[in-house]
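Analysis of the macromolecular model
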Amino acid sequence: MKSKKILYINNLRILNPKQMKFSLFLIGFLTISLSFAQQKTIGLDESIRAALNYSNDLKTGKLKVEEAEAAKKEAFASYFPSVNVTGVGMYGFNDLVPPIPGLSDQGIDNLYFAGATASEVLYAGGRVNKYNNLADAQVEANQIRARQTRDSVILQTEKKYWGLVQLQEQKNVLQSNEVYLNQLLKKQQDLLEAGLIAKNDLLKVRVTRSQLKLQKSKLDNRQKIAMLDFALYTGIDYDTAMVAGDKFSEAVPPKMKYASPNISVESNTSYQLLEKSITTSKLQTDVERANLLPSISIGLSGSKLGSFDGSFESSFIPVAFGSISIPISDWWGEGRQKLKQQKIREEIAVNNLNNGKDELRVMIMKSWYDLTDAYKQVEYAWENMQLAKENLKVSEDNYDSGLVDLSNLLDAQRMLQEAETELIAAYANYEKQESIYLYHTNQIEIPE
């Protein structure tokens, strides 16, 4: 590639002015192409995969599922007997037990005790089953929350990604308008040298170009901040040369891509969590009710007492036992009030479900109308841009014919620039609204 550039440069000596301009343009184009080749390009699917792998919220969600699984196993352990082993050793510098005439001529200065107890609950008002069912419900609730967090991470990644694309496209608009103003400035310089215009016209173009360069500088800063925010959210290494691989090309009418929105919310994770809260609340009510019932348990224990030096030793004594506990005072006191409070919480959970169901239905329809409206904005912005292009062309012809002054031409250029920027914003809004609609209707897909 270097030898080709040298060949072009050497050949410039024998080229005419038009050929020379073309050669310089070609060299500039090749240089820009090489610089773009060095840029790191990232796509939407790659960004989503990186965000899902990096997200601390998602990792926390998985840990909560594991925590709930551990609590489930803890509750299941209640079905098995409880076993305790106890051992005690003692040594006294003076006799713990002094000599007893007729029984022992020596005192006892050390002793040990060993015992074991195993007990099993036969009946506890159904608390064991209720605790296990409650643990199952908590596991399912945390699994739903984990899915909800995953979808939220995908949604936020898509929003940030399309925001990057929007800034890149806006930058392209400013660059193309800068090329146009540079050409217009060159034309004004030639006319000024020929004495056909006043210097004021040249200054107007320079002022407009300076304003555009200021816009480019601000946009560059916004782009760097957006890229940093994107990198920190997805875990991708921050690189100012990184660019999003997508461009805005067209927007498909929502009615051609999706069926009419279904306001059934059974598959919505937020609704499922509200349902699960009712299940959990009912189980907690059952637990409080079970606390008012008697509990019966049986067990077996054994113990042995002796001294380390063998001065005395007892035999192992097994004992079987049974117990019953009846919380009589809870029937009218603290236990009864706890049960009443839990019943109220259960009713609140039902009310929250009814309210949440209506809110979710409204949210689904709102996201659908926002999406269709975003598509209309794209249509209107496209039509406006075409009109602005035509207006600029007419203004150029009229300016060349002397029918309008330079201010009219610059106004037409500014209107086209604004129209192109509005179209890009409309495209970006359409992509974001589509992601929001898919999120609310539980249709977000995970890239392979």
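Residues numbered from 1 in each chain as written. Predicted model: local features only at pLDDT ≥ 70, side-chain atom pairs only at ≥ 80, totals over all residues. Heavy atoms only, no water.

1. Some words on the overall build of the protein chain
- Check the secondary structure of the protein chain and you find ten helices and six strands.
- Put simply, the protein chain has 448 residues, and 33% of those count as buried. (Helix = DSSP H or I, 4+ residues; strand = E, 2+ residues; numbered from the N terminus. Buried < 20%, exposed > 50% of the residue type's maximum accessible area, 1.4 Å probe, protein only.)

2. Examining the side chain of Thr269
- Within the secondary structure layout, Thr269 lies in helix H8 (residues 269-290).
- The residues touching Thr269, leaving out its near neighbours within four places in the chain, are Ile144, Gln148 and Asn442. (Contact = heavy atoms within 4.5 Å.)

3. Some remarks on the sheet that holds strand S6 (residues 317-325)
- Taken together, the four strands give an open sheet; going across it, the order is S2-S3-S5-S6, and neighbouring strands pair in antiparallel fashion. Edge positions in the sheet fall to strand S2 (82-91) and S6, since each has one partner strand and no second. Each neighbouring strand pair of the sheet contributes to a mean axis angle of 20°, computed without reference to strand direction.
- Here S2 runs beside strand S3 (residues 110-123); their pairing, made up of ten bridges, is antiparallel. Residue pairing across strands places Val85 opposite Ala116, the latter belonging to S3. (Pairing = 2+ DSSP bridges. Axes fitted to C-alpha atoms, helices over the stretch in contact; angles between N-to-C directions.)

4. Considerations on the packing of aromatic side chains
- Enumeration according to the criterion identifies seven aromatic pairs in this entry.
- Aromatic side chains Phe248 and Tyr427 sit 5.7 Å apart centroid to centroid with 10° between the ring planes, which places their arrangement in the stacked category. Note that Phe248 is positioned in the loop between strand S4 (243-244) and helix H7 (254-257) and Tyr427 in helix H10 (residues 406-440), a separation of 179 residues in sequence. The residues Phe248 and Tyr427 share a single accessibility class, namely buried.
- Taken together, Tyr161, Trp162, Phe230, Phe248 and Tyr427 form an aromatic cluster joined through their ring pairs.
- Looking at Lys160, its charged tip hangs above the ring of Tyr233, at a distance of 5.3 Å from the centre. (Phe/Tyr/Trp six-rings, centres within 6.5 Å; stacked < 30°, edge-to-face > 60°. Lys NZ or Arg CZ within 6 Å of the ring centre and 35° of its normal.)

5. Observations concerning unusual backbone geometry
- Of note in the backbone geometry, Asn442 takes a positive phi value of approximately 60° without being a glycine.
- If you trace the backbone, Asn442 turns up in the segment after H10.
- According to the relative accessible area criterion, Asn442 is partly exposed, its value standing at 31%.

6. Some points on the pairing of S3
- The pairing of S3 with strand S5 (residues 295-306) spans eleven bridges and is antiparallel. Opposite Ala118, over in S5, you have Leu300 as the bridge partner.

7. A look at the packing of helix H5 (residues 127-193) against helix H9 (residues 334-400)
- Where H5 contacts H9, the two axes come as close as 14 Å, and the packing angle between them is 5°. In terms of orientation, H5 and H9 fall into the roughly parallel class. Contacts between H5 and H9 pair Tyr180, Lys187, Gln188 and Leu191 from the former with Leu392, Glu396, Tyr399 and Asp400 from the latter.
- A breakdown of the residues in the contact of H5 with H9 according to their chemical character gives four nonpolar, one polar and three charged. (Parallel < 35°, antiparallel > 145°, perpendicular 65-115°, else oblique. Nonpolar A, V, L, I, M, F, W, Y, C, P; charged D, E, K, R; others polar.)

8. Considering the pattern of salt bridges
- In the structure shown here, the tally under the stated rule is 14 salt bridges.
- The closest approach of N and O atoms between Lys257 and Glu434, which form a salt bridge, is 2.4 Å. You can see Lys257 sitting in helix H7 and its partner Glu434 sitting in helix H10, a full 177 residues away along the chain. (Salt bridge = Lys/Arg side-chain N within 4 Å of Asp/Glu carboxyl O.)

9. As for the packing of H5 against H8
- The geometry of H5 relative to H8 is characterised by a closest axis approach of 9 Å and an angle of 165° between their N-to-C directions. In terms of their interaxial angle, H5 and H8 are classed as roughly antiparallel. The hand of the H5/H8 crossing is left-handed.
- A per-class count over the contact of H5 with H8 returns nine nonpolar, eight polar and seven charged. (Left-handed = near helix turned anticlockwise from the far one by under 90°.)

10. Considering helix H4 (residues 56-76)
- The first and last C-alpha atoms of H4 sit 30 Å apart over 21 residues, in line with the 30 Å expected at 1.5 Å per residue.
- Within the sequence span of H4, burial applies to Leu58, Gly61, Val65, Ala68 and Ala75. Buried residues of H4, viewed axially, fall in a sector of 90°; they line one side. In H4, the exposed positions that point more than 90 degrees away from the buried face belong to Asn56, Leu63, Glu66, Glu67, Lys73 and Glu74.
- Backbone nitrogen of Asp57 and a side-chain oxygen of the N-cap are separated by 3.3 Å at the start of H4; the cap is Ser55. (Expected span 1.5 Å × (residues − 1). Arc of directions from axis to C-beta. Polar contact = N/O pair within 3.5 Å; in protein donor to acceptor, adjacent residues only side chain to side chain.)

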